[in-house]
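# Breakdown of the fold
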Amino acid sequence: MPRFPAAIASRLPNVGTTIFTVMSRLAAEQGALNLSQGFPDYSAPPLLYDLVSKHMRAGENQYAPMAGVLSLREAIAEKVEALYGARYDPEHEITVTAGGTQAIYTAVTCLVRPGDEVILFEPAYDSYAPSIVLNGGTVVRARLEFPDYRPDWEAVRRLVTPRTRAIIVNTPHNPSGTTWTETDLRTLARLVDGTDIVVIADEVYEHIVFDGLRHESCARLPELAARSFVISSFGKTYHVTGWKVGYVLAPRELMTEFRKAHQFIVFTVNTPVQLAFAEYLRDASRYLELGAFYQRKRDLFRSGLAASRLRPLPCTGTYFQLVSYAGLTDETDVAFAERLTREIGVASIPVAPFYEEPPGDPVLRFCFAKNDDTLLRACERLARV
């Protein structure tokens, strides 16, 4: 096996294999039920696969336009206007991306220069900070405190400096399952008013909101829409996370810069899948019914946990349920998650890796985007804890 003959000065010296890969691998090794990594164990409706096949067989297998297939961008524009009352020009203000993570990285890349600061909220999805570091920026961390995980806006205000280039927000929030309110977004709008701060809004779970709440998108408030990259994901919406297709909304001035970076990071995205989504998206019921679909799974999982000593925390969005194990053990969440996988046969995600300096809260994250039988079997096993 060849070996590189010199030392490598890593640009991410503190980054190893993600916790999602680690726990999924452990689940496979132990034959455990995998409620760790955030993907469904069921398929999308056959029609979506038929549409992809149709376009493949029709010869639509070459590069799509850099910004994405126009019919898909037009369908996205119609959807966004119907949901949020925001008009985005498909030609200049919508770009199709290779999933949400690429969209986030590209937004950071086109904005952040060495010395710039970017505020994010911890616990934070693990791609945010590396995206900032790789572009020479400084990560500034606000804290969402256990057990409610609500933003402390006065604390955020104190973090803003003349060097603040962007704020990354995530609602519905992974891993906590909380959703921001209209008051939160209006407070954010006031905080950035009069600055050149850009908001990078990770809204990939926009359609997975429960209990009669509505998703509060940055696209809904004109003052935020004017300074935001708003990011969503078809993978999350249509149960096809492995297809890695998402999109970004932004005002023309921001999107011009985004596309300059996008064309050299990924250039364009899978053509037949884009064409399939353009058709599939026309039936709004396919995303409007998603909240009810996942609320039933959330409730099934939460009711099943009633027989255990694990305490589910409030969950108003996403397909993740945080569970407190306070009083059961003094183990760290990483150690407890590994032991549950090995001894009980249920894999989860510890919350510590979502922090730079974990607070030590006794919390695990379970994914309930699973078949009902999987959830019920998991609850039976967890009742033994």
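Notes on the structure in this doc start here. All values derive from a computational prediction rather than experimental measurement.

Spatial strand order, E9-E10-E13-E12: 4 strands in an open sheet with antiparallel pairing. A strand with exactly one partner marks an edge of an open sheet, and here the two such strands are strand E9 (311-312) and strand E12 (349-350). Note that E12 and strand E13 (residues 363-367) share 2 bridges and pair antiparallel. Across the sheet, Ile349 pairs through a bridge with Arg365, a residue of E13. Sheet contacts for helix H13 (residues 290-305): E9, strand E10 (320-324) and E13; angle to E10, the most-contacted strand, approximately 20°. Along the sheet, helix H14 (residues 333-344) contacts E12 and E13; its crossing angle with E13, the most-contacted strand, is approximately 45°.

Relative to the assigned elements, Thr171 resides in the loop between strand E5 (164-170) and helix H7 (182-192). Here the side chain of Thr171 touches Trp180 through a polar contact of 2.9 Å, landing on its backbone nitrogen. Those residues within four positions of Thr171 in sequence are excluded, and the remaining contacts are Thr179, Trp180, Asp202, Glu203, His215 and Glu216.

What follows covers the packing of helix H1 (residues 19-30) against H14. Between H1 and H14, whose axes approach to 9 Å, the crossing angle comes to 25°. If you check the angle between H1 and H14, you find them roughly parallel. In terms of crossing hand, the pair formed by H1 and H14 is right-handed. The segment H1 lies against H14, with Met23, Leu26, Ala27 and Gln30 engaging Ala337, Glu338, Thr341 and Arg342. Grouping the constituent residues of the contact of H1 with H14 by class yields 4 nonpolar, 2 polar and 2 charged.

Rules and cut-offs
Residues numbered from 1 in each chain as written. Predicted model: local features only at pLDDT ≥ 70, side-chain atom pairs only at ≥ 80, totals over all residues. Heavy atoms only, no water. Pairing = 2+ DSSP bridges. Helix = DSSP H or I, 4+ residues; strand = E, 2+ residues; numbered from the N terminus. Contact = heavy atoms within 4.5 Å. Axes fitted to C-alpha atoms, helices over the stretch in contact; angles between N-to-C directions. Polar contact = N/O pair within 3.5 Å; in protein donor to acceptor, adjacent residues only side chain to side chain. Parallel < 35°, antiparallel > 145°, perpendicular 65-115°, else oblique. Left-handed = near helix turned anticlockwise from the far one by under 90°. Nonpolar A, V, L, I, M, F, W, Y, C, P; charged D, E, K, R; others polar.

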